[in-house]
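The chain contents come next:
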Amino acid sequence: MYLVGFMGAGKSTVAAALGHRIGWRAEDIDQRIEARERRSVTTIFSQDGEAYFRRAEREVLLDLLPERNVVVATGGGTFVDPDLRATMLNDGAVAWLDLPLNRVIERIPRDGRRPLAADLVQMEQLYTRRRLAYAAAHVRIDAGTPVDEIVERLLEWIGYS
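Residues numbered from 1 in each chain as written. Predicted model: local features only at pLDDT ≥ 70, side-chain atom pairs only at ≥ 80, totals over all residues. Heavy atoms only, no water.

Enquirer: So what exactly am I meant to see when it comes to the pattern of salt bridges here?
Expert: For the structure on display, the rule yields 16 salt bridges. The closest approach of N and O atoms between Arg21 and Glu152, which form a salt bridge, is 2.2 Å. On the criterion of sequence distance, the pair formed by Arg21 in helix H1 (residues 11–22) and Glu152 in helix H7 (residues 147–158) is long-range, its members being 131 residues apart. Its relative accessible area of 45% is what places Arg21 among the partly exposed residues. A relative accessible area of 39% means that Glu152 is categorised as partly exposed. Between Arg54 and Glu50 there is a salt bridge whose closest N-O contact spans 3.0 Å. Here Arg54 and its partner Glu50 are both found in helix H3 (residues 41–64), four residues apart, which amounts to about one turn of the helix. Residue classification places Glu50 among the partly exposed positions, given a relative accessible area of 35%. (Salt bridge = Lys/Arg side-chain N within 4 Å of Asp/Glu carboxyl O. Helix = DSSP H or I, 4+ residues; strand = E, 2+ residues; numbered from the N terminus. Buried < 20%, exposed > 50% of the residue type's maximum accessible area, 1.4 Å probe, protein only.)

See below:
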């Protein structure tokens, strides 16, 4: 299962909770990139740029494809790439964790850890553009509800009992 959505939507938290609940491994693409690169996403963006990061993101996702019984928390931009979007949609269940922009802004720390959140106007534009891609997910889940409710909704949606 793939969880997609904007930064701050709770993809990593929900992936961990869902994975724990059903005994699946939770994988976070950003964390895998950081482990592989031995540096933070922020550092990757500042030293090598977004294009480099997107290539790393693609490689990490493709490495995860053969895995089964995994909940994958994608990066906020992973599902925007048309090829990766098609790959995820064809490979497994894709759930969009949708959170209103004002809640995203509340959740994202203003400490520079989120390179694409530095400028609020640009972030709002990015949010609007990305929603068009996220809408292609198999299901939309309100990410403003408590994590346990999101997990229950996902379990119901996949028919897990």
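Enquirer: What is the right way to look at unusual backbone geometry in this model?
Expert: With glycine set apart, most residues show a phi of negative sign, and most peptide bonds adopt trans. Phi at Arg38 takes a positive value of approximately 60 degrees, unusual for a residue other than glycine. Relative to the assigned elements, Arg38 resides in the loop between helix H2 (29–37) and H3. You will see that Asn69, though not glycine, has its phi angle at about 55 degrees, which is positive. Mapping Asn69 onto the fold places it in the loop between H3 and strand E3 (70–73).

Enquirer: Explain the packing of H2 against H3 to me, please; I cannot follow it from the model alone.
Expert: Angle between the axes and distance between the axes: these two values describe a pair of packed helices. Here H2 crosses H3 at 110 degrees, and the two axes come no closer than 9 Å. Judged by the inter-axis angle, H2 sits roughly perpendicular to H3. Handedness of the H2/H3 crossing: right-handed. Contacts between H2 and H3 involve Ile29, Asp30, Arg32, Ile33, Glu34, Arg36 and Glu37 from the former and Val41, Ile44, Tyr52, Phe53, Ala56, Glu57, Glu59, Val60, Leu61 and Leu64 from the latter. Here the contact of H2 with H3 is composed, by residue class, of 10 nonpolar, no polar and seven charged. (Axes fitted to C-alpha atoms, helices over the stretch in contact; angles between N-to-C directions. Parallel < 35°, antiparallel > 145°, perpendicular 65-115°, else oblique. Left-handed = near helix turned anticlockwise from the far one by under 90°. Contact = heavy atoms within 4.5 Å. Nonpolar A, V, L, I, M, F, W, Y, C, P; charged D, E, K, R; others polar.)

Enquirer: Looking at this model, I keep getting lost on the sheet that holds strand E2 (residues 25–28). Mind explaining?
Expert: Backbone-to-backbone hydrogen bonds pair the strands of a sheet. The strands run either parallel or antiparallel. Ordered in space as E2-E3-E1-E4-E5, the five strands form an open sheet in which the pairing is parallel. What marks the edges here is a single partner per strand, and that holds for E2 and strand E5 (139–142). Across the sheet, the mean angle separating the axes of adjacent strands is 25 degrees when strand polarity is ignored. Taken together, the three bridges between strand E1 (residues 2–4) and strand E4 (residues 94–98) define a ladder with parallel strand orientation. Following the sheet pairing, Tyr2 is matched in E4 by Val94. (Pairing = 2+ DSSP bridges.)

Enquirer: Looking at this structure, how should I read helix H4 (residues 82–91)?
Expert: The α-helix advances 3.6 residues per turn, and as a result positions three or four apart in sequence lie on the same side. All of the buried residues along H4 are Leu84, Arg85 and Met88. Buried residues of H4, viewed axially, fall in a sector of 105 degrees; they line one side. Exposed residues pointing more than 90 degrees away from the buried face of H4 are listed as Pro82 and Asn90. Where the residues of H4 are buried, they touch E1, H3, E4 and helix H6 (120–134). The N-terminus of H4 is capped by Asp81, whose side-chain oxygen sits 2.8 Å from the backbone nitrogen of Asp83. (Arc of directions from axis to C-beta. Polar contact = N/O pair within 3.5 Å; in protein donor to acceptor, adjacent residues only side chain to side chain.)

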